[in-house]
Amino acid sequence: FAHAHRVGQVGVNLAIGVKSTHLMEFLGRSHPEQSFHSFPSLTEVPQKVLGAVERRKMEVERLLKRQPAHVKIWEGGAIENLKEFLGETFEPIGFVQLGRGKKPELLEVFRHIESRLTEGCVLVFDEFFNYVGWQHQAVMALNEWAASAGYQVKYVGYHLSQGQVAVQIVRKPCSI
């Protein structure tokens, strides 16, 4: 995605609830001096496909074996692992890739990471629009979170056919 250029400027780089870890793998190879953490969610695999969960587990195991030390793929639930990671480190966050999620899940992610987000941080949404009900999911979650938490964001890029969007934090709320 075009706005991955933000990687490497400030803080750690996260991928949360993503179906694919390809972007984090690519960026990790391009920026060996940075820290990358991917929190894929096994629960996002369609249950109706026989063996899909097992195939996803095998994919994660394969990825874990080939990653350099500065790229970590966390096994298990995305939210639980994200909370564990945030408890272990106090680094700011400079880049976040967000997988398709429902509004409550995305609001929970935002609540967990908001104190670590930096001005200039880029949030890339894998599926922001162009699917049934999109107006009530990521779009609404981003707008509600930014308004309630006092963040200002600007749209910096999109991929029309894929429904991806990149936003950049242009103002954080002042801490007292």
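Residues numbered from 1 in each chain as written. Predicted model: local features only at pLDDT ≥ 70, side-chain atom pairs only at ≥ 80, totals over all residues. Heavy atoms only, no water.

Participant: Please explain helix 4 (residues 103-113) as it appears in this structure.
Facilitator: Structural remark: α-helix, 3.6 residues per turn; residues separated by three or four positions point the same way. Along helix 4, the residues that are buried comprise Lys103, Leu106, Leu107, Val109, Phe110 and Ile113. Axial view of helix 4: buried residues confined to an arc of 160°, hence all on one face. In helix 4, those exposed residues whose orientation departs by more than 90 degrees from the buried face are Pro104 and Arg111. Among the structural elements, strand 1 (12-16), helix 3 (78-88), strand 4 (93-98), strand 5 (117-125) and helix 5 (138-149) are those in contact with the buried residues of helix 4. (Buried < 20%, exposed > 50% of the residue type's maximum accessible area, 1.4 Å probe, protein only. Helix = DSSP H or I, 4+ residues; strand = E, 2+ residues; numbered from the N terminus. Arc of directions from axis to C-beta. Contact = heavy atoms within 4.5 Å.)

Participant: So what exactly am I meant to see when it comes to the environment of glutamine 34 here?
Facilitator: In this fold, glutamine 34 is placed in the loop between helix 1 (22-30) and strand 2 (36-39). Glutamine 34 gets classed as buried once you look at its relative accessible area, which sits at 15%. Taking the C-alpha atoms as reference, glutamine 34 lies 6.8 Å from histidine 70; in sequence the two are 36 residues apart.

Participant: When you look at the side chain of asparagine 81 in this model, what are you seeing that I'm missing?
Facilitator: By the secondary structure assignment, asparagine 81 is in helix 3. Judged by relative accessible area, asparagine 81 falls into the buried class, the value being 9%.

Participant: When you look at the packing of aromatic side chains in this model, what are you seeing that I'm missing?
Facilitator: Remark: the centre distance and the inter-plane angle together describe each pair of aromatic rings, the angle taken between the planes. Following the criterion strictly, the structure yields 4 aromatic pairs and no others. An aromatic cluster is present here, built from Phe110, Phe125, Trp145 and Tyr151 joined pairwise through their rings. (Phe/Tyr/Trp six-rings, centres within 6.5 Å; stacked < 30°, edge-to-face > 60°.)

Honestly, it's all geometry; don't read function into it.
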